[in-house]
Amino acid sequence: MSTCIVLHFPDDVLEKYAMGSLSNLDCGPLEEHLPLCEDCRTRLMKVEEYILVVRAALTELEIHSNARIGAQSVFAL
Ligand SMILES: [Zn+2]
C-alpha cells in the first residue's frame, strides 16, 4: 500500500497564479511544488493557454464593440 500522499494545487489556484493575482505567500508553496509535479505543471500550462484564449476573445470583442459604437455615433450624426 502506498503511503505517498501528493497534495496538488486546485485549478483555481493555478488560474490565479497564471493571472498573477496570487499573493506572494501563496506563490511560495506552489513554486516549490511545480518543479516536482508534472501533473500541476501540465494543468498550469492548460490554464495559461485558456487565459490567453479568453484574453484574445475579450480583445476581439472589445474591438468589435468599439467598432459598433463608432458606427452608431456616425449614424447619430
Ligand atoms: Zn501537483
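Structure shown above.
Residues numbered from 1 in each chain as written. Predicted model: local features only at pLDDT ≥ 70, side-chain atom pairs only at ≥ 80, totals over all residues. Heavy atoms only, no water.

Caption draft 1: Region of the structure containing the overall build of the protein. A tally of regular secondary structure across the protein gives 3 helices and 0 strands. Here the protein holds 77 residues, and 17% of them are scored as buried. Taking all contacts inside the protein whose residues are at least 6 apart in sequence as the whole, residues at least 24 apart take part in 62%. (Helix = DSSP H or I, 4+ residues; strand = E, 2+ residues; numbered from the N terminus. Buried < 20%, exposed > 50% of the residue type's maximum accessible area, 1.4 Å probe, protein only. Contact = heavy atoms within 4.5 Å.)

Caption draft 2: Focus on the coordination of the zinc ion. Around the zinc ion, the protein contributes the donor atoms H8 (ND1), H33 (NE2), C37 (SG) and C40 (SG), which lie 2.0 to 2.3 Å from the metal centre. Angles of 100 to 131° at the metal separate the 4 donor atoms of the zinc ion, which places the site in the tetrahedral class. Here the donor residues for the zinc ion map to a single chain with the spacing H-x24-H-x3-C-x2-C. Of this pair, H8 sits in the segment before α1 (11-19) while C40 sits in helix α3 (residues 38-76), and the two are 32 residues apart along the sequence. (Donors = N, O, S within 2.8 Å, 3.2 Å for Na, K, Ca; no water. Tetrahedral: all angles 85-135°; square planar, octahedral: opposite > 155°, others 65-115°.)

Caption draft 3: Fine view of helix α2 (residues 24-33). Residues of α2 that are buried include every one of C27, L30 and H33, and no others. The buried residues of α2 occupy an angular sector of 125° when the element is viewed end-on, so they sit on one face. Exposed residues pointing more than 90 degrees away from the buried face of α2 are listed as N24, L25 and E32. (Arc of directions from axis to C-beta.)

Caption draft 4: Broad picture of the packing of α1 against α2. Orientation of α1 relative to α2, taken along the N-to-C sense of each, is 105°, at an axis distance of 11 Å. Judged on the interaxial angle alone, α2 and α1 are roughly perpendicular. From α1, V13, L14 and Y17 reach across to α2, where they touch C27, L30 and E31. Class assignment for the residues of the contact of α1 with α2 results in 5 nonpolar, no polar and 1 charged. (Axes fitted to C-alpha atoms, helices over the stretch in contact; angles between N-to-C directions. Parallel < 35°, antiparallel > 145°, perpendicular 65-115°, else oblique. Nonpolar A, V, L, I, M, F, W, Y, C, P; charged D, E, K, R; others polar.)

Caption draft 5: Looking closely at a nonpolar patch on the surface. Taken together, the side chains of Y50, V54, L58 and L61 define a hydrophobic patch exposed on the protein surface, amounting to about 400 Å² of accessible area. Among the structural elements, V54 can be located in helix α3. (Patch = residues over 30% accessible without salt bridge, like charges linked within 9 Å, V, L, I, M, F, W, Y side chains within 5 Å. Areas by Shrake-Rupley, 256 points an atom, 1.4 Å probe, with all protein chains shown as cover. Salt bridge = Lys/Arg side-chain N within 4 Å of Asp/Glu carboxyl O.)

Caption draft 6: Broad picture of the pattern of salt bridges. In the structure shown here, the tally under the stated rule is 2 salt bridges. A salt bridge links R43 to D39; its shortest N-O distance comes to 3.1 Å. In this pair, R43 and D39 are both assigned in helix α3, 4 residues apart and thus about one turn of the helix distant. Salt bridges sharing common partners tie together D11, D39 and R43.

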